[in-house]
Amino acid sequence: MTDNTPARRADPQLATLTRSGEAEPAHAGTPDRPGVDAQAVALVAVFTALLVAAAVVPGIPVGGFGVPITLQTLAVMLTGLVLGPLRAGLAVLLYLLLGFVGLPVFSRGQSGLQVLSGPTAGYLLSFLLAAVVVGLAARAVLRHTRRSLWVPLLVTASFVTTLAVVHVLGIAGMMVNLHLPLSAAVSADLPFLPGDLLKDVVAVVAAVAVHRAFPDVLARAGKRRPTAS
């Protein structure tokens, strides 16, 4: 006769042992959701440093309104595409806070809250929203589509985010702070568009390479990382 008492039915998929030897139920079937753990903190720190490094690279002055072409949009999009919405948002938020408290981490070595009254204010503030939006898109694409579709779908998502978030808020910032009419602000913004779209492609290619090499950076839905036996 088979003994079906719970004590004899030790299933490693339903329980794990703590160091004290007591059984602890495992939530089988629950998808692994990356949170603010040690790995997340490390990734946020690394990508915050990437954002700082991208701003340190000298920009190319365009037009007469003081808005240079920089690598910041590339770094922002790469951050969102690799880390997903939560961690990307934290990385960009940390970057912005470092600049607002006085560290010279913005383009041309700028810092402080006074940048919010300058021509780049709209672009700076757009970085946080853009990272979250493209991070949401990246998470959806990586979890629910085939690998062969990752690049075209992520490029499309990056293009839409760049246009609808970065450039729209950038134009709005110039209209508010420089008192420009819409037509003049759009004209001032247009020289940045081709380069930003090219940077989107570079960011997507780099992000897809990261996810293929390190699939646990942004875990796929319904799949759990193997636990140590």
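Since this is a predicted model, take the numbers as computed values, not measurements. (Residues numbered from 1 in each chain as written. Predicted model: local features only at pLDDT ≥ 70, side-chain atom pairs only at ≥ 80, totals over all residues. Heavy atoms only, no water.)

## Let's talk about the packing of helix α1 (residues 38-56) against helix α2 (residues 72-100)
At a minimum axis separation of 8 Å, α1 and α2 run at an interaxial angle of 85°. Relative to α2, the element α1 is oriented roughly perpendicular. Taken together, the residues of the contact of α1 with α2 break down into 20 nonpolar, four polar and one charged. (Axes fitted to C-alpha atoms, helices over the stretch in contact; angles between N-to-C directions. Helix = DSSP H or I, 4+ residues; strand = E, 2+ residues; numbered from the N terminus. Parallel < 35°, antiparallel > 145°, perpendicular 65-115°, else oblique. Nonpolar A, V, L, I, M, F, W, Y, C, P; charged D, E, K, R; others polar.)

## Section: the packing of α2 against helix α4 (residues 150-177)
α4 packs onto α2 with a crossing angle of 125° between their chain directions and a minimal axis gap of 12 Å. When the axes of α2 and α4 are compared, the pair comes out oblique. Read as a crossing pair, α2 and α4 show a hand that is right-handed. Together, Thr-73, Met-77 and Leu-81 of α2 and Leu-154, Ser-158, Thr-161, Thr-162 and Val-166 of α4 make up the contact between the two elements. (Left-handed = near helix turned anticlockwise from the far one by under 90°. Contact = heavy atoms within 4.5 Å.)

## Description of the pattern of salt bridges
Enumeration over the complete set of coordinates arrives at one salt bridge. Of the charged contacts, one joins Asp-196 and Lys-199 as a salt bridge, the two residues approaching to 3.0 Å between their closest N and O atoms. Taken together, the residues span about one helical turn, with Asp-196 and Lys-199 both in helix α6 (residues 193-213) at a distance of three residues. Residue Asp-196 is classed as buried on the basis of its relative accessible area of 6%. A residue is classified by how much of its surface remains accessible, and Lys-199, at 11% relative accessible area, is buried. (Salt bridge = Lys/Arg side-chain N within 4 Å of Asp/Glu carboxyl O. Buried < 20%, exposed > 50% of the residue type's maximum accessible area, 1.4 Å probe, protein only.)

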